[in-house]
Amino acid sequence: DVKVTQSSRYLVKRTGEKVFLECVQDMDHENMFWYRQDPGLGLRLIYFSYDVKMKEKGDIPEGYSVSREKKERFSLILESASTNQTSMYLCASSSRDRENRPQHFGDGTRLSIL
Amino acid sequence: AQSVTQPDIHITVSEGASLELRCNYSYGATPYLFWYVQSPGQGLQLLLKYFSGDTLVQGIKGFEAEFKRSQSSFNLRKPSVHWSDAAEYFCASLLYNQGGKLIFGQGTELSVKP
């Protein structure tokens, strides 16, 4: 089974802090994704990556950056956290192989910015 | 543009009753379609997927879905609902020619009455 592991289930940070959310997958997937999920707004794509050191902006990249130095790890960075970034963050990975395209999700990180 | 619509925001069914969750897509060719389930505070779990071939697909937890091209639908069904099925359900489609990106419906929240 695919395993996508997010480093924290719950995280509380202060406004202005630099925040790192880590995600690791164990299936050698090429694609990795970061979403945020808010009530009434569904899942929104922040950033995604097709390969190591490669990244592309999703629908809501403002205030975020990402890092993918190794294939299995995709980090989301909040450069200067703000209260409107309080949300549930979900990481996912998928294969480029056509038959294995479904995205597999981690358990999520519920981030609160005070 | 591709889209995925889940017309029902919230559905309540009695335990033991049958269930059908609706999903409509817009896409000219045959889409890649998925259903995910999300329990409170958790990530998304893949229930089933459709790429091609048999239009009735079986998934985990006793769920199935039927692809109907004529109706642009991919409805999720279960013959007998259990209280543990209470969750939010998301229909999703692979975006054409955009690598592994998905487009999600807004989700249907399922409540189960005793």
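Quick look at the interface of chain A and chain B
By a widespread convention, an interface's size corresponds to the accessible area lost as its parts come together. Taken together, the contacts link 25 residues of chain A with 21 residues of chain B. Regarding the contact of chain A and chain B, the summed buried area is about 1800 Å², with carbon and sulfur atoms giving 54% of it. Here chain A is connected to chain B by zero salt bridges. Mapped onto the side of chain A that touches chain B, the elements with two or more residues apiece are strand S4 (31–38), strand S5 (42–49), strand S9 (87–94) and strand S10 (104–105) of chain A. Tallied by class, the residues present in the side of chain A that touches chain B amount to 11 nonpolar, nine polar and five charged.

Let's talk about the packing of aromatic side chains
All names here are of chain B. The full count for this structure, using the stated rule, is 17 aromatic pairs over all chains. The interplanar angle of 40 degrees and the centroid separation of 6.2 Å between the aromatic rings of Tyr 50 and Phe 74 together place this pair among those described as tilted. With Tyr 50 in strand S6 (residues 44–50) and Phe 74 in strand S9 (residues 73–78), this residue pair connects regions lying 24 residues apart in the sequence. Phe 74 gets classed as buried once you look at its relative accessible area, which sits at 0%.

Concerning the nonpolar core
Side chains of a nonpolar character, in soluble globular proteins, are inclined to be buried together. Residue and element names in this part refer to chain B. In terms of nonpolar packing, the biggest core is built from 25 residues, with Leu 19, Trp 35, Leu 47, Leu 48, Phe 74, Leu 76 and Tyr 89 touching the most fellow members. Put simply, the parts of the chain that give this core at least two residues each are strand S2 (10–14), strand S3 (19–21), strand S5 (33–38), S6, strand S8 (64–68), S9, strand S10 (87–94) and strand S12 (108–113). Residues contacting Tyr 89, with those up to four places away along its chain left out, are Gln 6, Leu 21, Trp 35, Tyr 36, Val 37, Leu 47, Phe 63, Leu 76, Gly 107, Thr 108 and Leu 110.

Points about the pairing of S6 of chain B
Residue and element names in this part refer to chain B. In terms of strand pairing, S5 meets S6 through six bridges, oriented antiparallel. What sits directly across from Phe 34, in S6, is Lys 49. Hairpin geometry of S5 and S6 is characterised by an intervening segment of five residues between the two adjacent antiparallel strands and by a positive phi of about 75 degrees at Gly 41.

Here's the deal with unusual backbone geometry
Of note in the backbone geometry, Lys 53 of chain A takes a positive phi value of approximately 65 degrees without being a glycine. Of note, Lys 53 of chain A is situated in the loop between S5 and strand S6 (56–57). Of the residues examined, Lys 53 of chain A reaches a relative accessible area of 61% and is grouped as exposed. A positive phi angle is found at Ser 72 of chain B, which is not glycine, with a value near 50 degrees. Checked against the element boundaries, Ser 72 of chain B lands in the loop between S8 and S9.

Overview of the environment of Ile 9 of chain B
Residue and element names in this part refer to chain B. Assignment of secondary structure puts Ile 9 in the loop between strand S1 (3–5) and S2. By relative accessible area, Ile 9 is classed as exposed at 68%. Note: C-alpha distance between Ile 9 and Gly 107 (98 residues apart in sequence) is 6.5 Å. Each residue touching Ile 9, except ones within four places of it in the same chain, is listed here: Gly 107, Thr 108 and Glu 109.

Reading the values: rules and limits
- Residue positions are counted from 1 within each chain, in the order its sequence is given.
- In the order they appear in the text, chains get letters beginning with A and ligands get numbers beginning with 1.
- Given that this is a predicted model, residues contribute local features only at a pLDDT of at least 70 and side-chain atom pairs are listed and counted only at 80 or more, while totals for whole chains, interfaces and linings are drawn from all residues.
- In computing side-chain properties, one takes all heavy atoms of the structure into account and sets aside hydrogens as well as water.
- Here, residues are in contact when the closest pair of their heavy atoms is within 4.5 Å.
- Each of two parts loses accessible area, computed with a 1.4 Å probe, when they are put together; buried area is these two losses added.
- Only one rule defines a salt bridge in this text: a Lys or Arg side-chain nitrogen within 4 Å of an Asp or Glu carboxyl oxygen.
- By definition, any uninterrupted DSSP run of H or I lasting at least four residues is a helix, any uninterrupted run of E lasting at least two residues is a strand, and each is numbered from the N terminus.
- Think of it as three bins: nonpolar holds Ala, Val, Leu, Ile, Met, Phe, Trp, Tyr, Cys and Pro, charged holds Asp, Glu, Lys and Arg, and polar takes everything else, Gly as well.
- Centres within 6.5 Å make a pair out of two Phe, Tyr or Trp rings, where for Trp the six-membered ring is used; the pair is then stacked when the planes are under 30 degrees apart, edge-to-face when over 60, and tilted otherwise.
- Note on exposure labels: buried denotes an accessible area under 20% of the residue type's maximum, exposed denotes more than 50%, and partly exposed covers the range between, all computed with a 1.4 Å probe on protein chains only.
- Here, the term nonpolar core denotes a set of buried Ala, Val, Leu, Ile, Met, Phe, Trp, Tyr and Cys residues that are joined through side-chain atoms within 4.5 Å.
- Here, any two strands with at least 2 DSSP bridges between them count as paired.

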